[in-house]
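Close look at the chain arrangement
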Amino acid sequence: MTSDGSPGALRRTGPIETRFEKELRELLGPRVDFGVPLSKHTSLRVGGPADALARPQDLEELQALLGLCSKLGVEPVLLGGGFNLLVSDAGVAGVVVQLQALRELDADSEGRITAQAGTSHSRLVRFAAERGRSGLEFGVGIPGTVGGWVAMNAGIPSVEVKDVVERVDWIAPDAGGIRELPRADLDFSYRSLELPRGAAIVRAVFRTEPGEPAAIRAQMRELLARRRETQPVDQRSCGSVFKNPPGDQAGRLIEAADLKGSRRGEAAISQKHANFIETRGDATAADVLALIELARGEVARRFGIELETEVRFLGRSPGEPA
Ligand SMILES: Cc1cc2nc3c(=O)[nH]c(=O)nc-3n(C[C@H](O)[C@H](O)[C@H](O)COP(=O)(O)OP(=O)(O)OC[C@H]3O[C@@H](n4cnc5c(N)ncnc54)[C@H](O)[C@@H]3O)c2cc1C
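Residues numbered from 1 in each chain as written. Predicted model: local features only at pLDDT ≥ 70, side-chain atom pairs only at ≥ 80, totals over all residues. Heavy atoms only, no water.

1. Considerations on the pattern of salt bridges
This is how it is decided: Any carboxyl oxygen of Asp or Glu within 4 Å of a side-chain nitrogen of Lys or Arg constitutes a salt bridge here. Strands here are runs of E lasting at least two residues and helices are runs of H or I lasting at least four, both read from the DSSP assignment and numbered beginning at the N terminus. Type-normalised accessible area, obtained with a 1.4 Å probe on protein chains alone, sets the label of each residue: buried when under 20%, exposed when over 50%, and partly exposed for intermediate values.
In the structure shown here, the tally under the stated rule is 27 salt bridges. With its nearest N and O atoms 3.2 Å apart, the salt bridge here joins Lys-71 to Glu-23. Here Glu-23 lies in helix H1 (residues 19-28) and Lys-71 lies in helix H2 (residues 59-72), a separation of 48 residues in the sequence. A salt bridge links Asp-258 to Arg-302, with the shortest nitrogen-to-oxygen separation between them at 3.4 Å. Of this pair, Asp-258 sits in the loop between helix H7 (250-256) and strand S17 (263-264) while Arg-302 is found in helix H8 (residues 285-303), placing the two residues 44 residues apart along the sequence. Among the residues examined, Arg-302 registers a relative accessible area of 38% and is labelled partly exposed.

Next up, the structure:
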């Protein structure tokens, strides 16, 4: 055990609390747990333990937590709904931070909707639809939280978060206070937003247009029906594993490489949509990684195209000491 607060210091090696555990407990009380299996917090249901899982109850507590991380040299890792994450079987060093308590949702008279980072996608799109506000329908089948949506620039081919977001507010461990960035100052790209390391998105403001609630609901139903037809939405997955390469589709390439149905352990490339990996039973991150490598290797070998992952990896490399 070290006393310098480095991530290694978080591992519980016996009954003695590390300095960082003690400080985390003092700050968060019951809102921090140690050695929590992240398989319970990801849609693939794989992943080893987080050294610490912290759930700050409000913005002040989040700021204090990030300050503590900065003081002790530990980089916080943000976790939303876990719908786009592949967590290492060896777990995650340091503090995983979940913002599920930040769930405020407001609409102003000009159609702006402000949502805190822990708000779920379903609550946000329903909130907009009920008020006859159009623009967020595309998110109906994209599971996650506002924080994860914005960090991923989530979307469908015709629209993504960057097209509807007006402002994003975030805190970084050493930035001192909340930064409010207008759309023009945000560096979005395909399934990504550039943020300082360890920054936590705390809220986003979305722009919406007036619409007929019945028409909005009809569009949402149509989008969901299309997903059910083409994607294995009733299986454990992380959505699209790979980004679509320019001018093509990752799913089409993997299918053309005859990989649909390929298995490694308890994970398989979906028969329904080749860009999805489904897990079951006691699947491991290693099973999923083996399929990712298989798909990447075969598509490169047969078509000369390098696929890039959309799913984000979190945690220790296998064999890295805890
Ligand atoms: C069945 C299914 C269908 C899907 N379809 C789509 C789709 O059509 N389009 C699409 O884009 N995605 C899709 N996804 C993927 C997923 O829904 C999105 O990526 C979503 O944005 C993930 O949100 P989350 O809250 O679960 O984020 P997580 O998976 O928890 O995290 C994703 C990334 O965001 C970061 N993050 C999370 N919260 C914060 C925060 N508050 N501050 C800073 N960083 C943060 C994390 O550190 C991580 O890097 C699908 C997933 C599934 C399972």
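From this point, the narrative continues.
2. Some thoughts on the side chain of Glu-278
Cut-off, in case you're wondering: As used throughout, the charge tally considers Lys and Arg to be positive and Asp and Glu to be negative, leaving His and the chain termini uncounted. As used in this structure description, the phrase polar contact means that two N or O atoms lie within 3.5 Å; if the pair is within protein, one of them must be able to donate a hydrogen and the other to accept it, and residues adjacent in sequence are counted only when both atoms belong to side chains. Whether two residues touch is decided by their heavy atoms; if any such pair falls within 4.5 Å, the residues are in contact.
Relative to the elements of secondary structure, Glu-278 occurs in strand S19 (residues 277-279). Among buried Asp, Glu, Lys and Arg side chains, Glu-278 stands out as unpaired, with Arg-263 the closest opposite charge at 6.4 Å. A distance of 2.8 Å separates polar atoms of two side chains, one belonging to Glu-278 and the other to Ser-270. With near-sequence residues (within four places) excluded, Glu-278 lies in contact with Pro-232, Gln-235, Arg-236, Glu-266, Ala-267, Ala-268, Ser-270 and Gln-271.

3. Focus on the site of the ligand
Quick note on the threshold: Nearness here has a simple test: a residue counts as near a molecule or strand if at least one of its heavy atoms is within 4 Å of that partner. Where accessible areas are quoted, they stem from the Shrake-Rupley method and a 1.4 Å probe; at the residue level, only the protein chains shown are allowed to cover. Side-chain classes are defined by residue name, with Ala, Val, Leu, Ile, Met, Phe, Trp, Tyr, Cys and Pro counting as nonpolar, Asp, Glu, Lys and Arg as charged, and the others, Gly among them, as polar.
What surrounds the ligand is a group of 32 residues, the closest being Leu-78, Pro-143, Thr-145, Gly-155 and Arg-227. Its free accessible area being 980 Å², the ligand has 92% of it covered by the protein chains. Where the shell around the ligand is concerned, the elements lending two or more residues are strand S3 (77-79), helix H4 (146-152) and strand S15 (200-207). Tallying contributions element by element places H4 first for the shell around the ligand, with five residues. Classifying every residue of the shell around the ligand gives 16 nonpolar, 12 polar and four charged.

4. Regarding the nonpolar core
Put simply, the rule is: Here the nonpolar core consists of buried residues drawn from Ala, Val, Leu, Ile, Met, Phe, Trp, Tyr and Cys, with membership extended through side-chain atoms lying within 4.5 Å.
Of all hydrophobic cores here, the largest spans 36 residues; its most connected members are Leu-124, Leu-136, Phe-138, Val-150, Val-161, Val-165 and Phe-206. Of all elements in the fold, only strand S7 (112-116), helix H3 (121-130), H4, helix H5 (161-164), strand S11 (165-171), S15 and helix H6 (213-230) reach the threshold of two or more residues within this core. Among the elements that line this core, the one with the most residues is H3, at five residues. In this structure Val-150 touches Val-161, Val-168, Phe-188, Leu-193, Ile-201, Ala-204 and Phe-206, once residues within four positions along its chain are discounted. Of all hydrophobic cores here, the second largest spans 24 residues; its members include Phe-242, Ala-250, Leu-259 and Leu-291.

5. With respect to H3
Residues of H3 that are buried: His-121, Leu-124, Val-125, Phe-127, Ala-128 and Ala-129. Of the surrounding elements, those touching the buried residues of H3 are strand S6 (105-107), S7, strand S8 (133-134), H4, S15 and H6. Following H3 by one or two positions, Gly-132 has its phi on the positive side, about 65°.

6. Description of the domain arrangement of the protein chain
The condition that has to hold: All the domain ranges listed were derived from an automatic or database domain assignment. We define buried area as the total accessible area lost by two parts upon association, computed with a 1.4 Å probe and summed across both.
Segmentation of the protein chain into domains returns domain 1 (7-98), domain 2 (105-228) and domain 3 (233-314). Look at where the C-alpha atoms of domain 2 and domain 3 centre, and you get two points 27 Å apart. Of the roughly 630 Å² buried at the junction of domain 2 and domain 3 (both faces included), carbon and sulfur atoms supply 50%. Together, Met-152, Tyr-190 and Arg-228 form the three largest contributors to the area buried by domain 2 at its contact with domain 3, with a combined 68%.

7. What to know about the packing of aromatic side chains
Any pair of aromatic rings gets described here by the distance separating the centres and the angle formed by the planes. Our working rule: Pairing of aromatic rings covers Phe, Tyr and Trp, the last counted by its six-membered ring, and requires centre-to-centre distances within 6.5 Å; plane angles under 30 degrees mean stacked, over 60 mean edge-to-face, and any other angle means tilted. Our definition puts a charge over a ring when NZ of Lys or CZ of Arg is within 6 Å of the ring centre and also within 35 degrees of the ring normal.
The tally for this structure, following the rule as stated, stands at one aromatic pair. Lying across the ring of Phe-127, Arg-131 places its NZ or CZ 3.6 Å from the centre.

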